[in-house]
Structures are given as C-alpha cells and as structure tokens.
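Topology and contacts: notes
Next come the chains, spelled out residue by residue.
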Amino acid sequence: MLCIALVFVQALSQLYLPTLMADIVDIGVVKGNTPYIIRVGVFMMLVAAAGTGSMILGSYLTSRISTGFSRSLRTAVFSHIETFSLNEFDQIGTSSLITRTTNDINQIQQLIVMMLLMFVRAPLMSIGGVVLAFTKDALLALILVASIPILFALIYFVQKHGVPYFQKLQVKLDGLNRVLRESLTGIRVVRAFGRNHHEMERFDETSRDLMKTSLKANRTMGLLFPGLSLILNLAIVAIMWAGSFRIDAGHLQVGDLMAFIQYAMQMMFALMMVSMMFVMIPRAQVSANRIGEVLQLTTGILETGSHRETKEKGTLEFREVTFRYPGAEKPALENVSFTAGPGQVTAIIGGTGSGKSTLLNLIPRFYEIESGRLLVDGLDHHAFLQEELRDKLGLVPQKAILFSGTIADNIRFGKPDATDEEVRYAAEIAQAAEFVEALPDGYDSLLNQGGVNLSGGQKQRLAIARALVRKPEIYLFDDSFSALDFKTDARLRQALRRETEEATVLIVAQRVNTIMDADQIIVLEDGRMVGKGSHEELIKSSPVYREIVASQLSEEALG
Ligand code: ADP
Ligand code: MG
C-alpha cells in the first residue's frame, strides 16, 4: 500500500513540474521577473526532490515485495514437489522442474515489479497528462488524442505476433537445462570417451535453437519501441507546428507549449511502459501456467489411512503384482508373487533390465502398482501412511547417493537422532568403520559434493550404514554389494546376517555367491518370475537360474 502511495506521489510531482515550468517561462522569463523565477525554481526543486525520494523508496519496497513473493512461491513449489512420487518426476522431467522453480518464478517476479511500479503510475500519467494538456490548449490536445489509437494498434499487433514465441522459449530453456545437466553430471564419461566435441556441439545446437526463438520473439518486440518513438516524435512535430500558429494567433503562450510537449511525452512514455507490461504479461502467464501445472499435479499416491496395530510384523507379500511405467507398452513387472518374512533373506536375481530395481522401488510406493496387491505386515500397503511405511524400510539404492556434509551426517540421514555410538556401530557392520577412521577427521570428514572424494565401494558402504542405523523391519538392498571386493562382500554379509536376524531382508544381487545361502531366491526375466526357491531347488528346476550360475562359475574358474 505504502508502495502505491509512493508511486502516486512521484507521478503527481512529475505531472506538476511542467506546469511550474510553464509559469516560469510565461511569467518569469517573458516578463523578466527574476525573483519570481528564483521562487518558483526553488519550489520546482523541492517538488522534484519529493518525486525522486519517493521513487527511490518505492523501488526499494517493490523489490522487497516481489522477492518476498517469489520466495514464498518457490518454497510452495518445492514443498509440493517433495510430495511427488517418482511417477510425477518422470512426467515433467527433473530439468524442467528446476527451470520452473527458478526461471519461471523469476519471470513472474519481474512482472510484479513492473505492475507495482506501473499499476498506479501509468493510468495516472496518461489520463492526467491528457487532462492537463486539454487545460492548456484543447485544440492541440486533439492531436495527442488522435495518436492514441495508432499506439494501441501497434501494441496489439506486436502482442499478437510475439506471444506464441514465449511459450516455445520456456520449453527450449528446459531443453538447454537438460543438455547442460546431462553433460555436466556425466562429465567423466564424456571425457573418458572423448566425446567433448560431441557434447559441445549438442550444447551449441540447443543453445542456438534457443537463441533463434529468442531472436524471433525479440524481433517482434523490437518493433515496439522504435514504432512508439516514431509515433511520439511525429505527434510532437505536429503539436509544435500547430502550436506555432496558435502562439501567433495569441491563443497560447510559449511556456504553455513547452509544458504541453512535456505532457505529451509523459503520456506516451506511460503508454510505452504499459505496452511493456503487455509484453511481460503473456510471458509471465506462460510461466505461471507452467508453475500451475506443477502445483496442480497431485501425486498418484493415495493416502487412505493409518494402521498401527499389525499382526504379522515385518512380513512382505507380493500378490500377482503387475506394474507398468507410465507410457510403457510392456509391463516392467508381471504377476509377481512371493512372501518374505522376518528372519528370512530373499534374494532377487536376473539379467539387467529384468525388473529387479523396479520390484524394490514398488515397496516404498515410489510408484503405484497397476494390479495385484502388495501387503506389508499382512495389510495392504495402502493402509499405511507413506511415512509410516517408509519408517519400516531401510533402502540402499543401486546408486549410492550421498549428500554434502560430514560422514556422520550422511549416516544419520537414516535416523536423525542417532547417537555417535549408533553411527559408529552401523559403520562397523557396514565395513565402513575402517576406512572412515583412517581419515584425518574420521566421522567428521566432509564429503565434497555428494562424496566425490570416495570410491564407489566406500560410498556403497556408507549408504548401507545409513540404512542400518535405522534398524528397520525390512531391508531393501538394491545391488548394494556390486562395488565391493569379494572379501569385503563376504565379511559384510556375515556381519549383516547377525545384525538382521529379526528383520526381513531383500537383496538384489548379480553375483550368485552373494545370494547362494539366501532362504529363497527369486529369478526374474523380462519382468516375469521364472523361478522361486532355494539355491539347490533352483539348480534343479530353473534353466534360467542354471544358466546364470553356469556363466558365473565358468567366469570364476577362468579367473
Ligand atoms: P534391473 O534393476 O533388473 O536392471 P529395472 O527394474 O531397472 O531393471 O528396469 C526394468 C525395466 O523397466 C527396463 O526395461 C527399463 O528399461 C524399464 N525402466 C526402468 N526405470 C524406468 C523408468 N523410470 N521409466 C520407464 N521405464 C523404466
Ligand atoms: Mg537395477
């Protein structure tokens, strides 16, 4: 509100100044009245100072308001995104979500600044300008009024042709972000394969594409300002020409003509600002829609209720579960059924792309299943709140993900109130204690940017410690031992066996000897379960399993 009042003061002072100037010229200069010039001159300065002061304060307030707004909006969008299932991430795309929380919100912020500054000012200046112009000389004012429709025609034309480009512009920006993200996160691979040039070209191409669209949009917009100044200058010439006749005829004084021209300029300038706003509105509208899309996208995950008293603590059952990724033709999992109980180790084995990770990701409800049922503790897993469900789980993802912070912070991620002793113990079981304690700062060692200073196997062990510190009812290990050498793998499994005696353990593994002693082994092929049983049973009954075992045994024999 104060902001609007300030803008109001500023606009008024600007409207008042030309009249004062006209008085100086007509009364002071023409008649040679020096004291009058000084008196009014000082007054003019005061008015101008008030105008400038309120402008500075107004801009300050405007930026406070607009940045505050975009901060709240950004927080709202981010916390909404946090509720998404992986389904929604796949749908919009991570890069686009990043553009939407940054660039798109900035577009809106810019519009708000413009609106706050122009909302009061522009109408006041243009209407005030016209009215004051009429009081000076009605005939001349008609010239001014006549030029207004031409102005609006121009604004309309530019708007109509420029707007469609803005939509494309934001989409291309998404594309650029995606390329950038891919090649920066994959920089090692890019360099190792000597594909720097290829990536450069890819970036260049996307960037050029963005530039072209941006050029097209701005070319249309570029017509606007020259067009407006052309009209403005023509109008001024016309006013001066007509004004000279009026002065000759004695209807008008020189000072009044000068004031008049200033009003004309102020009015046109205000209109220019309005037209700028018209350019910004569609752009911000595109951005607003994109943000709205994110906010309206509700997660496919339904929260139906919360059930705490359960009979079969720690059991997990898949009943004819079928799941398909959004847009995929073939289901990634088809009719998978098995039961896993506490104290049992269930192993899942199968070729790459057979659906092992998918199976594990269904348990924490990262995705919703298509048909069949998934039971946890003997209850449909929808009976739990997501948070309750995830509290029961300790997931070690296929790719160990660590966050910036200390090693202890990263392990504590699994259980924020874990004591130092618990953190140390978890690290010990995960076979991480040895290398962590060898570091100069031990558990307080900082992990640079998600652990670039660690090896793959070290990261995996920290991710395992993070799951262990939770002491969950159900452990989900997604290929978590693949980066470990045989000896560490064996030691870790032995320690885990003792630690997870009471828990339900699901292990996805590639190596047969990691899972040979599991209580049950599930063999997946192309999303279908083609075998279930112990190692000995499967050797006899499952050709697929036999094949996997045979290929690895011969490899070992060769090695
Ligand atoms: P595994 O872990 O056994 O190697 P996954 O479970 O990761 O296999 O993948 C199973 C199948 O699902 C593959 O054909 C893969 O292409 C597909 N898939 C995996 N993740 C996604 C995803 N986010 N969107 C679409 N398809 C996916
Ligand atoms: Mg996998």
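Before any of the text, the structure's been laid out above.
For the structure given in this document, a descriptive report is provided here. All values reported here derive from a predicted model rather than from experimental measurement.

**Here's the deal with the coordination of the magnesium ion (ligand 2)**
Any two of four tetrahedral donors ideally make an angle of 109.5 degrees at the metal, while pairs among six octahedral donors ideally make 90 or 180 degrees. Only Ser357 (OG) and Gln398 (OE1) from the protein reach the magnesium ion (ligand 2) as donors, at distances of 2.0 to 2.3 Å. Linking Ser357 in helix α9 (residues 356–362) with Gln398 in the loop between β6 (393–396) and β7 (405–406), this pair joins segments that are 41 residues apart in sequence.

**Digging into the site of ligand 1**
Around ligand 1, a shell composed of Asp90, Tyr325, Ala332, Gly351, Thr352, Gly353, Ser354, Gly355, Lys356, Ser357, Thr358 and Tyr367 is seen. In the model, a nitrogen atom of ligand 1 is placed 3.2 Å from a nitrogen or oxygen of the Asp90 side chain. Measuring from a nitrogen atom of ligand 1, one finds a side-chain N or O atom of Tyr325 at 3.3 Å. Compared with its free state, where it exposes 560 Å², ligand 1 has 59% of that area covered by protein. Taken together, the residues of the shell around ligand 1 break down into three nonpolar, seven polar and two charged.

**Side note on the packing of aromatic side chains**
Each aromatic ring pair is described using two quantities: the centre-to-centre distance and the angle formed by the ring planes. Applying the stated criterion across every chain yields a total of 10 aromatic pairs. Residues Tyr325 and Tyr367 carry aromatic rings whose centres are separated by 5.2 Å and whose planes lie at 85 degrees to one another, so their mutual orientation is edge-to-face. On the criterion of sequence distance, the pair formed by Tyr325 in the loop between β1 (316–323) and β2 (333–340) and Tyr367 in the loop between α9 and β4 (371–376) is long-range, its members being 42 residues apart. On the basis of relative accessibility, which here comes to 26%, the residue Tyr325 falls in the partly exposed class. A centroid spacing of 5.7 Å and a plane angle of 5 degrees characterise the contact between Tyr475 and Phe477, whose relative ring orientation is stacked. Phe477 sits in the buried class, given a relative accessible area of 1%. Among the aromatic residues, ring-to-ring pairing joins Phe323, Tyr325 and Tyr367 into one connected group. A cation sits over an aromatic face here: Arg511 above Phe486, 4.5 Å from the ring centre.

**Some points on a positive patch on the surface**
Among the surface-exposed residues, Lys168, Lys212, Lys216 and Arg219 lie close enough to one another that they form a single positively charged patch. Take the positive patch: its biggest share by element is three residues, from helix α7 (residues 196–248). Here Arg219 is to be found in helix α7.

Reading the values: rules and limits
- Residues numbered from 1 in each chain as written.
- Chains lettered and ligands numbered in written order.
- Predicted model: local features only at pLDDT ≥ 70, side-chain atom pairs only at ≥ 80, totals over all residues.
- Heavy atoms only, no water.
- Donors = N, O, S within 2.8 Å, 3.2 Å for Na, K, Ca; no water.
- Helix = DSSP H or I, 4+ residues; strand = E, 2+ residues; numbered from the N terminus.
- Near = heavy atom within 4 Å.
- Polar contact = N/O pair within 3.5 Å; in protein donor to acceptor, adjacent residues only side chain to side chain.
- Areas by Shrake-Rupley, 256 points an atom, 1.4 Å probe, with all protein chains shown as cover.
- Nonpolar A, V, L, I, M, F, W, Y, C, P; charged D, E, K, R; others polar.
- Phe/Tyr/Trp six-rings, centres within 6.5 Å; stacked < 30°, edge-to-face > 60°.
- Buried < 20%, exposed > 50% of the residue type's maximum accessible area, 1.4 Å probe, protein only.
- Lys NZ or Arg CZ within 6 Å of the ring centre and 35° of its normal.
- Patch = residues over 30% accessible without salt bridge, like charges linked within 9 Å, V, L, I, M, F, W, Y side chains within 5 Å.
- Salt bridge = Lys/Arg side-chain N within 4 Å of Asp/Glu carboxyl O.
- Lys, Arg positive; Asp, Glu negative; His and termini not counted.
- Charge placed at Lys NZ, Arg CZ, Asp CG, Glu CD.

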